[in-house]
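Per-entry structural report
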Amino acid sequence: MAEEIEEKEESLFEAPPIAEQERMCEAILFASAEPVTVKELNDRMPHGCDAAEALVHLRKRYEGRGVRVTKVGDAWAMRTASDLGFLMQKEMVETRKLSRAAIETLAIISYHQPVTRAEIEEIRGVSVSRGTVDQLLEMEWIRFGRRKMTPGRPVTFVVTSEFLDHFGLESARDLPGLKELRAAGLLENRPPPGTMPRLGDGDESEEEASEGQSELFED
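Presented here is a report on the structure given in the accompanying data block. Being a predicted model, the structure only gives us computed values, none of them experimental.

Parameters and conventions
Residues numbered from 1 in each chain as written. Predicted model: local features only at pLDDT ≥ 70, side-chain atom pairs only at ≥ 80, totals over all residues. Heavy atoms only, no water. Axes fitted to C-alpha atoms, helices over the stretch in contact; angles between N-to-C directions. Helix = DSSP H or I, 4+ residues; strand = E, 2+ residues; numbered from the N terminus. Parallel < 35°, antiparallel > 145°, perpendicular 65-115°, else oblique. Contact = heavy atoms within 4.5 Å. Nonpolar A, V, L, I, M, F, W, Y, C, P; charged D, E, K, R; others polar. Pairing = 2+ DSSP bridges. Left-handed = near helix turned anticlockwise from the far one by under 90°. Expected span 1.5 Å × (residues − 1). Buried < 20%, exposed > 50% of the residue type's maximum accessible area, 1.4 Å probe, protein only.

Where helix 2 (residues 18-31) meets helix 4 (residues 51-61), the axes come as close as 8 Å, and the angle between the chain directions of the two elements is 80°. When the interaxial angle is binned, helix 2 and helix 4 end up roughly perpendicular. The segment helix 2 lies against helix 4, with Ile18, Gln21, Glu22, Cys25, Glu26 and Leu29 engaging Ala51, Glu53, Ala54, Leu55, His57, Leu58 and Arg61. The residue makeup of the contact of helix 2 with helix 4, split by class, is seven nonpolar, two polar and four charged.

Moving on: the sheet that holds strand 6 (residues 155-159). Spatial ordering of the open sheet is given by 4-6-5, a layout of three strands whose pairing is antiparallel. Across the chains shown, the open sheet's two edge strands, defined by having one partner strand only, are strand 4 (115-116) and strand 5 (142-147). Note that strand 4 and strand 6 share two bridges and pair antiparallel. Directly across from Val115, in strand 6, lies its bridge partner Phe157. Those strands touched by helix 5 (residues 100-112) are strand 4, strand 5 and strand 6, and its axis lies near 90° from that of strand 6.

Strand order in the open sheet made by the three strands is 1-3-2, with antiparallel pairing throughout. Each end of this open sheet is capped by a strand with a single partner; those strands are strand 1 (36-37) and strand 2 (67-72). Summarising the sheet, strand 2 and strand 3 (residues 75-80) pair through six bridges and their orientation is antiparallel. Within strand 3, the residue paired with Val67 across the bridge is Thr80.

Turning our attention to the packing of helix 5 against helix 6 (residues 117-124). Between two packed helices, what matters for the description is the angle formed by their axes and the separation of those axes. As a packed pair, helix 5 and helix 6 sit with axes 10 Å apart at the nearest point and diverge in direction by 115°. Considering only the axes of helix 5 and helix 6, their crossing is right-handed. Counting all contacts with helix 5, which are made through Ala101, Glu104, Thr105, Ile108, Ile109 and His112, the residues of helix 6 involved are Ile120, Ile123 and Arg124. Per-class residue counts for the contact of helix 5 with helix 6 are five nonpolar, two polar and two charged.

Before going further, it helps to spend a moment on helix 5. Spanning 13 residues, helix 5 covers 18 Å between terminal C-alpha atoms, matching the ideal 18 Å at 1.5 Å per step. Where burial is concerned, most of helix 5 is hidden: ten out of the 13 residues are buried. Burial in helix 5 covers these residues: Ala102, Ile103, Glu104, Thr105, Leu106, Ala107, Ile108, Ile109, Ser110 and His112. Next to the buried residues of helix 5 lie strand 4, helix 6, helix 7 (130-138), strand 5, strand 6 and helix 8 (161-167).

Interpretation in functional terms is not warranted from these geometric data alone.
Structure (structure tokens):
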């Protein structure tokens, strides 16, 4: 008798077919303004659903379409196919333009994260103002990382999932080059000043980055 009751209870929580789970993931991602993690999807979906498996099917179904299912950090979102981005250019509104100092700081953090304020200043050759860092924090393009195991245990900075989402990246390993940064309006159309993209080159008051500085940063 107890076994029959247990079987009935389990049947009440039988997971929907994978096709239905795929539709649920599609609906959530379509309606969400921010990327959604697998855990968040599972929390919203009925008991027994496997969002990770549903996403595999959903992503495959959108291959070659105008909209694609893409991974942003550890979350998922629906985004316009990269080759059709030119169709959206007229819809883009530039609300603010980063200062040269902010662009340089952002580039250093992007390519050397996790990086401390002192390390940023050593590369730029000038001090980093609090306003510059606050602007990037306010935009949610950078955040505080783990503290470095050095005297004083200084805090480090890393880029955020919002930064990755803006450039359509899955991780910081897929950082954009100069062409992509110019297309996003974050760099003036000028020849690259060096091997590492020191954005905003031309300030006579700043020194060039010395060789071997990448050794100062953690992987």
